[in-house]
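In case you want the letters, here they are:
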Amino acid sequence: MDSHSHGGAGALRSRSSQSQSPSHSASASATSSIHKRKLPPTSDDGGHVPPFPPSSFDGALTSNDDLESISARGNDSDSDDDSEEDAVVDDDEEEFDHDSSMRTFTAARLDNSNNNNNSNSAPRNSKLKSESNSNNNNSGVKIENSDGSAAKDAGAGGAAGGSVPGIVVKEDATMIFTDNLQTSGAYTAREESLKKEEEAGRLNFVCLSNDGVDDHMVWLIGLKNIFARQLPNMPKEYIVRLVMDRSHKSVMVIRRNHVVGGITYRPYVNQKFGEIAFCAITADEQVKGYGTRLMNHLKQFARDEDGLTHFLTYADNNAVGYFIKQGFTKEIHLDKDRWQGYIKDYDGGVLMECKIDPKLPYTDLSTMICRQRQAIDEKIRELSNCHIVYPGIDFQKKEAGIPKKIIKDIPGLREAGWTPDQWGHSRFRTSSASTDSAANQKHLTAFMRSLLKTMYDHGDTWPFKEPVDARDVPDYYDIIKDPMDLKTMSKRVESEQYYVTFEMFVADVRRMFSNARTYNSPETIYYKCSTRLESHFQSKVTGGLQSGTKIQ
Ligand SMILES: CC(=O)SCCNC(=O)CCNC(=O)[C@H](O)C(C)(C)COP(=O)(O)OP(=O)(O)OC[C@H]1O[C@@H](n2cnc3c(N)ncnc32)[C@H](O)[C@@H]1OP(=O)(O)O
């Protein structure tokens, strides 16, 4: 990138819109002296300026200077620069003054410059973040049948959810992805709603160049005004010149016959790439999805009408994020022979490239994404039952979190892949399959006692025998909020009342080991002891269960 310096402050301008930082401005320039566009010898304009202004606008805009002369004037001084600009865009300034959206932007910009002298990208980004977050939150809505009862078949691999009373199956994927945009992601939702606006005729995307048609000229001037406001460091003459240059085209968002924003680009048809010169959305319509939809229309148009395969642009530093989201990269893969010497260089910007896909339905991406999500959802349904919602259990508790009655089966547990041989997750039963709960408790206590003994006998037990003494380890209880040790567990076992299920006992053992690994780092002896003792415990549980006591 060229980084020539310029004599006068008035010359130091870039396309940069939002960054008001003096340092940024001082390094940023897009005046003709660094504007290195090299017109291709075979170019349709052949290097000469297209007729401008069009006949219908005679007198409205009077300057059609070439860029070199703009640069020369721009270099003079601030006041020169201003007066020159005024001479060129006097009439347009009128429009600015009457454009409330522009006033809003100016106010916002002043606010920003008060709050943040270097760049307003931070507040801008936080706004973007919060918007997208709120959208994302919406997308977390759980979809179930509205009546909560009409369960549907779970699909190929699914359980027979439809026939089980009380089971709720999430709504059909088609419904989720086409009728409920909240679940479809912020991008798709925005694209879809703008598409609907287009279909209803309230929004239009048009691609025009300076063709002399009155309506088109009004729109082009509206777009030029937006660029001039949104890219304040760009010389206004330069904007006028490119927007009205007949070798450039502009894709515009038109709402209620007013321009909301647009992109001006120059198609290099022979080289099959386009150069995006300017891109902006009017201030009070930004971050509503127009920029994305505009880019999608541009890509579709440039591919289908101009036969382009790539776009290049010098993205302003503070707009790089936007361009990345539109598929642009900083790596330029396009053969240099195709573009070097053709496009304009800008300071304060990053050269970025976007490959235009030959097949993608750019203006209907939302439908494509919805279908992809639907296909993935269907695949997940084939492999899992996670869309089936079971009614749950009536888990009545006494004080100590102990079930009043034994729960025979938890709905959905077996369907989720649970098998009775998974230790630690089952109710304790002796092999005698006694239904006498007192006898069961006795067997359970004996089994737990034997497990504690085998741990006590193990050589790695010493760190776990007693509760950790806070005098020895002052911060232990700051970090470990739920301590456990073998002595405490022994007391609980001997009470013959605490551990009424084997899971409760196993939970305490696991907590004791996980505490040790939370507080201590892996290379410590405590950590290693916990790992070894736990595996010893596990093997004893398995062995004990196999030899007479079983859980189910
Ligand atoms: C080549 C050049 O012209 S470079 C100069 C680019 N133009 C400007 O900087 C002028 C001021 N800015 C604008 O006019 C607009 O904000 C544009 C054109 C950059 C973007 O248009 P918008 O309508 O605001 O974009 P849209 O609402 O579609 O946002 C698309 C995504 O880009 C993000 N985005 C928009 N602007 C920016 C930005 N400046 N930086 C980072 N991300 C951005 C949005 O948050 C959104 O992200 P999400 O999909 O994750 O929610």
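The rules behind these values
Here the residue numbering is sequential within each chain, running from 1 through the sequence in written order. For this predicted model, a pLDDT threshold of at least 70 governs which residues receive local features, and a threshold of 80 or more governs which side-chain atom pairs are given and counted, while totals over whole chains, interfaces and linings are taken from all residues. By convention in this description, side-chain values take in all heavy atoms of the structure and omit both hydrogens and water. Elements are defined by DSSP. Helices are runs of H or I of four residues or more, strands are runs of E of two residues or more, and each kind is numbered from the N terminus. The rule is simple: take the accessible area with a 1.4 Å probe, protein chains only, and divide by the maximum for that residue type; under 20% is buried, over 50% is exposed, in between is partly exposed. We call two residues in contact when some of their heavy atoms are within 4.5 Å. Accessible areas in this description were obtained via Shrake-Rupley with a 1.4 Å probe; residue shielding takes into account the shown protein chains only. Strand pairing is defined by DSSP finding a minimum of two bridges between the two strands. Whenever a helix is involved, its axis is fitted only over the stretch in contact; in every case the axis is a line through C-alpha atoms, and angles between N-to-C directions fall within 0 to 180 degrees. When a carboxyl oxygen of Asp or Glu lies within 4 Å of a side-chain nitrogen of Lys or Arg, that pair is called a salt bridge. Grouping into patches uses exposed residues only, defined as over 30% relative accessible area, and leaves out salt-bridged ones; the cut-off is 9 Å for like charges and 5 Å for nonpolar side chains (Val, Leu, Ile, Met, Phe, Trp, Tyr). Under this scheme an angle from 65 to 115 degrees is roughly perpendicular, one under 35 degrees roughly parallel, and one over 145 degrees roughly antiparallel; angles in between are oblique. Here a crossing is called left-handed whenever its near helix is offset anticlockwise from the far helix by less than a right angle, and right-handed whenever the offset is clockwise. As a working rule, the residues Ala, Val, Leu, Ile, Met, Phe, Trp, Tyr, Cys and Pro are called nonpolar, Asp, Glu, Lys and Arg charged, and the rest polar, with Gly in that last group. Two N or O atoms form a polar contact when they lie within 3.5 Å of each other; inside protein one atom must be a possible hydrogen donor and the other a possible acceptor, and for residues adjacent in sequence the pair counts only when both atoms belong to side chains. Residues grouped as a nonpolar core are buried Ala, Val, Leu, Ile, Met, Phe, Trp, Tyr and Cys residues, joined through side-chain atoms within 4.5 Å. You can read pLDDT as the predictor saying how much it trusts each residue, on a scale of 0 to 100. Any two of the Phe, Tyr and Trp rings considered here, Trp counted by its six-membered ring, make a pair once their centres fall within 6.5 Å; the pair's planes then place it as stacked at under 30 degrees, edge-to-face at over 60, or tilted in between. Here the expected span of a helix is defined as 1.5 Å times the quantity of residues minus one. Crossover handedness is defined here as right-handed if the route from the first strand over the helix to the second strand goes clockwise, with the strands pointing away from the viewer.

With that settled, consider the overall build of the chain. When helices and strands are tallied, the chain shows 18 helices and 10 strands. When each of the 552 residues of the chain is scored for burial, the buried share is 45%. Of all intrachain contacts in the chain linking residues separated by at least 6 positions in sequence, the fraction that spans at least 24 positions is 72%. Total accessible area on the chain is roughly 27500 Å²; 50% of this is exposed by carbon and sulfur atoms.

Although it is not a glycine, lysine 272 sits at a positive phi angle of roughly 60°. Of note, lysine 272 is situated in the loop between strand S4 (258-268) and strand S5 (273-281). The residue glutamate 496 is not glycine, and still its phi comes out positive at about 55°.

In this section: the sheet that holds strand S7 (residues 349-355). An order of S2-S3-S4-S5-S6-S7 is seen for the six strands of this open sheet, with the pairing classed as mixed. Single-partner strands in this sheet number two, and they are strand S2 (203-208) and S7. Taking each pair of neighbouring strands and ignoring which way they run, the sheet shows an average axis angle of 25°. Inspection of the sheet shows S2 paired to strand S3 (residues 249-255) by six bridges, in the antiparallel sense. Bridging across to S3, leucine 208 finds its partner in serine 250. Contacts from helix H8 (residues 214-230) reach S2, S3, S4 and S5, with the element oriented near 90° to S4. On the sheet, helix H10 (residues 290-304) packs against S2, S3, S4, S5, strand S6 (310-316) and S7 and is oriented at approximately 35° with respect to S4.

In total, this model carries 22 salt bridges according to the counting rule given. Glutamate 382 is paired through a salt bridge with lysine 379; the nearest N and O atoms lie 3.3 Å apart. Of this pair, glutamate 382 and lysine 379 both sit in helix H13 (residues 365-383), three residues apart, roughly one helical turn. By relative accessible area, glutamate 382 is classed as partly exposed at 40%. Of the residues examined, lysine 379 reaches a relative accessible area of 46% and is grouped as partly exposed.

This part covers a nonpolar patch on the surface. Taken together, the side chains of Ile393, Ile410 and Leu413 define a hydrophobic patch exposed on the protein surface, amounting to about 210 Å² of accessible area. A relative accessible area of 36% places isoleucine 393 in the partly exposed class.

Once that is clear, we can look at the packing of helix H14 (residues 437-456) against helix H17 (residues 502-519). In contact at an axis separation of 10 Å, H14 and H17 are set at 20° when each is read in the N-to-C sense. Taken as axis vectors, H14 and H17 run roughly parallel relative to one another. Here the hand of the crossing between H14 and H17 comes out right-handed. On the side of H14, the interface is formed by Leu444, Phe447, Met448, Leu451, Leu452 and Met455, while H17 contributes Phe502, Phe505, Val509 and Phe513. For the contact of H14 with H17, a count of residues per class yields 10 nonpolar, no polar and no charged.

Now for the side chain of serine 366. Along the chain, serine 366 turns up in helix H13. Polar side-chain contacts of serine 366 include one of 2.7 Å to the side chain of glutamate 192. In contact with serine 366, not counting residues within four places along its chain, are Thr188, Glu191, Glu192 and Lys195.

Moving on to the packing of helix H7 (residues 186-199) against H13. At their nearest, the axes of H7 and H13 sit 8 Å apart, and the two run at 135° to each other. On the basis of the axis angle, H7 is oblique to H13. Judged by the sense of rotation from one axis to the other, the crossing of H7 with H13 is left-handed. Mapping the contact onto sequence places Tyr187, Thr188, Glu191, Glu192 and Lys195 in H7 and Leu365, Ser366, Thr367, Ile369 and Cys370 in H13. Here the residues of the contact of H7 with H13 sort into four nonpolar, three polar and three charged.

Further remarks concern the nonpolar core. Within the largest apolar cluster, 34 residues are counted, with the highest numbers of intra-cluster contacts made by Phe227, Met252, Phe273, Phe278 and Ile343. If you list the elements that add at least two residues to this core, you get S2, H8, helix H9 (236-244), S3, S4, S5 and S6. When residues of this core are assigned to their parent elements, the largest contribution, eight residues, is made by H8. Setting aside chain neighbours within four positions, we find phenylalanine 273 in contact with Arg266, Pro267, Tyr268, Leu308, His310, Leu312, Leu334, Arg338, Trp339, Tyr342 and Ile343. Among the nonpolar cores identified, the runner-up in size contains 27 residues, and Val260, Tyr265, Phe311 and Phe323 belong to it.

Turning our attention to the confidence of the model for the chain. Across the chain, pLDDT averages 71, with 60% of residues at or above 70. Across residues 1-14 the pLDDT falls below 50, and counting only partners more than four positions away or on other chains, this stretch makes 52 contacts in the model. The model gives residues 16-182 a pLDDT under 50, and that stretch makes 290 contacts with residues more than four places away or in other chains. For this predicted complex, the interface score ipTM comes out at 0.97, while the overall pTM is 0.53.

How two aromatic rings sit relative to each other is set out by the distance from centre to centre and by the angle between their planes. Taken as a whole and assessed by the stated rule, the structure comprises 16 aromatic pairs. Taken together, a centroid distance of 5.6 Å and an interplanar angle of 85° make the contact between tyrosine 265 and phenylalanine 311 edge-to-face. Taken together, the residues tyrosine 265 in strand S4 and phenylalanine 311 in strand S6 connect sequence positions 46 residues apart. Geometrically, the ring pair formed by phenylalanine 505 and phenylalanine 537 is tilted, given 6.2 Å between the ring centres and 55° between the ring planes.

So, on to H14. Here H14 is 20 residues long and its end C-alpha atoms lie 28 Å apart, about the 28 Å a rise of 1.5 Å per residue gives. When we look at burial in H14, the residues that qualify are Asn440, Gln441, Leu444, Thr445, Phe447, Met448, Leu451, Leu452, Thr454 and Met455.

Structurally, glutamine 538 is set in helix H18 (residues 525-546). Classification of glutamine 538 as partly exposed rests on a relative accessible area of 31%. Placed 32 residues apart in sequence, glutamine 538 and valine 506 show a C-alpha to C-alpha distance of 9.7 Å.

Of all seven residues that make up S6, seven are buried, and the element is covered over most of its length. In this fold, the crossover linking S5 to S6 by way of H10 has right-handed handedness. Where S6 meets S7, seven bridges bridge the pair, whose relative direction is antiparallel. Looking at S7, one finds that threonine 313 is bridged to methionine 352.

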